[in-house]
Amino acid sequence: MRLRTIAVCFVACLWVAPLYAQTSAIPQLNSRGGAAYTLYLNFGGFNYSGTWFGDTPGATASYDTNGNTAIFTASEKTDIQKIWSRTADKYAAFNVNVTTVDPSIAAGQSASDIQRQTYYDNTSKLMHMVIGGDGAWAGGGGVVGISGVGVAETTITGGLHTNWSFSNNYVSGGTAFHQGIAETIAHENGHALKLQHQSRYSGTTNVEEYDSGTAARAPIMGNSDNAERGLWRKGTSTLGFNVIQNDVGVLLSNAGIAGSGAAGFVDSGVGHTRATATTLALTGNTINSASSKGIITPNNTDPNPLGEANYTTDFFKFTFGAGGGNVNVTLRSGLSTITAGVADEGATLDATLRLLNASGTVLATANSATFAETIAMSNLAAGTYYLQISSAGADAQYFDMGSYFLTGTIAPVPEPAAVLLIAAAGLGLYSRVRRYRTAA
Ligand SMILES: [Zn+2]
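This structure is a prediction, so every number in the text was calculated from the model and none was measured.

Q: So what about the overall build of the protein? Which residues, and what values?
A: The helix and strand tally for the protein stands at nine helices and 26 strands. With 440 residues in all, the protein has 48% of them scored as buried. Taken as a whole, the protein presents about 18700 Å² of accessible surface, with 55% of it coming from carbon and sulfur.

Q: Hey, could you go over the coordination of the zinc ion for me, with residue numbers and the actual values?
A: Of the protein atoms, only His 187 (NE2), His 191 (NE2) and His 197 (NE2) coordinate the zinc ion, at distances of 2.0 to 2.1 Å. We note that the donor set of the zinc ion lies within a single chain, spaced as H-x3-H-x5-H. Take His 191 and His 197: they sit in the same class, and that class is buried.

Q: Hey, could you go over the sheet that holds strand E4 (residues 96–99) for me, with residue numbers and the actual values?
A: Spatially, E4-E1-E5-E9-E6 is the arrangement adopted by the five strands of the open sheet, whose pairing is mixed. Edge positions in the sheet fall to E4 and strand E6 (142–143), since each has one partner strand and no second. Note that strand E1 (residues 37–42) and strand E5 (residues 126–131) share five bridges and pair parallel. Pairing of Asn 42 across the sheet is with Val 130, part of E5. Together, E1, E5, E6 and strand E9 (162–165) form the strand contacts of helix H6 (residues 177–192), whose direction differs from that of E5 by roughly 150°.

Q: Tell me about the pairing of strand E11 (residues 205–208), and please be specific about residues and values.
A: As paired strands, strand E10 (residues 200–202) and E11 are joined by three bridges and run antiparallel to one another. Note that in E11 the partner of Arg 200 across the bridge is Glu 208. Once E10 ends, the chain turns through two residues before running back antiparallel as E11, passing Gly 203 with a positive phi of about 65°.

Q: Quick one: what's the story with the nonpolar core, residue by residue and with numbers?
A: In this structure, Tyr 91, Phe 94 and Trp 232 are the most contacted members of the largest nonpolar core, which totals 64 residues. With five residues, H6 is the largest single contributor of residues to this core. Formed by 11 residues, the second largest nonpolar core is a distinct cluster that contains Trp 52, Tyr 120, Leu 126 and Phe 166.

Q: Please provide a residue-by-residue account of the sheet that holds strand E16 (residues 278–279), values included.
A: Sheet strands associate in pairs through backbone hydrogen bonding, adopting either a parallel or an antiparallel arrangement. The five strands lie next to each other as E16-E20-E25-E22-E23, forming an open sheet whose pairing is mixed. The open sheet has two edge strands, E16 and strand E23 (362–366), and neither has a second partner.

Q: Could you give an account of the side chain of Ser 85, with specific residues and numbers?
A: One can find Ser 85 in helix H2 (residues 74–90). Of the polar contacts made by the side chain of Ser 85, one reaches the side chain of Asp 344; its length is 2.7 Å.

Q: Outline the layout of surface pockets, listing residues and values.
A: There is about 430 Å³ of room inside the second largest pocket. Lining of the second largest pocket is provided by 24 residues; of these, Lys 293, Leu 335, Ser 336, Thr 337 and Ser 403 occupy positions nearest its centre. Those elements that place two or more of their residues in the lining of the second largest pocket are H2, strand E19 (293–296) and strand E26 (402–412). Both domain 1 (2–194) and domain 3 (264–418) contribute no fewer than three residues apiece to the lining of the second largest pocket.

Q: Now, about the packing of H2 against H6: what can you tell me, with residues and values included?
A: Each packed pair of helices is defined by two parameters, the angle between the axes and the distance between the axes. Contact geometry of H2 with H6 gives a least axis separation of 9 Å together with a crossing angle of 40°. The orientation of H2 relative to H6 falls into the category oblique. The chirality of how H2 crosses H6 is right-handed. Contacts between H2 and H6 involve Asp 79, Lys 82, Ile 83, Arg 86, Thr 87 and Lys 90 from the former and Phe 177, His 178, Gln 179, Ile 181, Ala 182, Glu 183, Ile 185 and Ala 186 from the latter. Looking at side-chain class alone, the contact of H2 with H6 contains six nonpolar, three polar and five charged residues.

Q: Account for the side chain of Ser 104, naming residues and giving values.
A: Inspection of the secondary structure puts Ser 104 in helix H3 (residues 103–106). The contacts of Ser 104, once residues within four sequence positions are left out, are Gln 109, Ser 110, Arg 116, Tyr 119 and Tyr 120.

Cut-offs and rules
- Residues numbered from 1 in each chain as written.
- Predicted model: local features only at pLDDT ≥ 70, side-chain atom pairs only at ≥ 80, totals over all residues.
- Heavy atoms only, no water.
- Helix = DSSP H or I, 4+ residues; strand = E, 2+ residues; numbered from the N terminus.
- Buried < 20%, exposed > 50% of the residue type's maximum accessible area, 1.4 Å probe, protein only.
- Areas by Shrake-Rupley, 256 points an atom, 1.4 Å probe, with all protein chains shown as cover.
- Donors = N, O, S within 2.8 Å, 3.2 Å for Na, K, Ca; no water.
- Pairing = 2+ DSSP bridges.
- Contact = heavy atoms within 4.5 Å.
- Axes fitted to C-alpha atoms, helices over the stretch in contact; angles between N-to-C directions.
- Core = buried A, V, L, I, M, F, W, Y, C linked by side-chain atoms within 4.5 Å.
- Polar contact = N/O pair within 3.5 Å; in protein donor to acceptor, adjacent residues only side chain to side chain.
- 1 Å grid on protein atoms, 1.4 Å probe; cavity = no way out; pocket = protein on both sides within 12 Å on 5 of 7 lines; lining within 4 Å.
- Points joined across faces, edges and corners; volume = space filled by probe spheres on them.
- Domains from an automatic or database assignment.
- Parallel < 35°, antiparallel > 145°, perpendicular 65-115°, else oblique.
- Left-handed = near helix turned anticlockwise from the far one by under 90°.
- Nonpolar A, V, L, I, M, F, W, Y, C, P; charged D, E, K, R; others polar.

Fair warning: the whole summary comes from geometry, so function is off the table for now.
Now the structure itself:
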């Protein structure tokens, strides 16, 4: 990154590019408006005043991938949305608003960076995450402030609530950078919500402080930069080979919603039983995916990753008339905020989809290892049917939780033509047609 910065200077040596892009060009995104805890992702650059845990961060330029920090290209705006979406899904079960909207503006405290900084520092349950630069002053992919074990800066009024994700390190490092940046943001905010690292031990020896898991899954509080899924985990923490940290339990304690959904997790409003099933939203025969969505969460105050029964279950219902119908439904894990009906990158939920009839008998189950489960059935009889969405809950360590949405078709079949003809004959229409044709 330093090389690239020098190159820009030679090319445009008489023009000093502004450090900050127009913040009005940043996509304005909120994952849970009004939530108690705010994670503000600041892609627009920031000039930090004073010292931060003994360092002097100074100015960080806007998020940038094309060597021009003064503007956001279309590609950079898409990056911003992808990074936001990945982070949002990891916190979807909690009372957290992952946002790109600067809360200091609504508070009337955005006249200058120092005024913004003072506002952030004096607002509890708020993290201001600066995303940009190479963080040469600190090193690594990102930094967060924690006063001590179990004490998070962002829960303290008068703490140091600005933190950093050094996005340029991911660009220059050749990592799939949307993922690396988002996993870093989720990780650092996990620290802000009092999580320690998830570590790997050999016997009593910590052999990998940032446990990198497997290619399929890795702990967010370890190193999930390259795994297919970065997940919350119940596993050995850096505090000791025999100290198990339940990430989701800790997050629930610090960002739960008392009296809300199951055990204090969010409730996305979809019915959790057949009796309370949500009517599937259709546009013609097509499922309206924008409103046919939900969040699967654990359902226990001592969250347990293993087993479908330890998570919430959602139900949607639909009804076929006398002609019956055909079903072709796909359950997709993740959010869909960039292209309607297409999952954004970085889904966290591994789900199971079932089709049930009116009496609750399971007609079909889809529970592949992928993040899209499809059930297609033809010639279903008249009646009410249910789509059941559950967590696979297949792993004793990693939590299968997060957002999903439905796509596909629910197609009623018109009554067969023969039936219409018989009905027509009954009315005398059939014979009249025959007489007309004979006469012609
Ligand atoms: Zn860390």
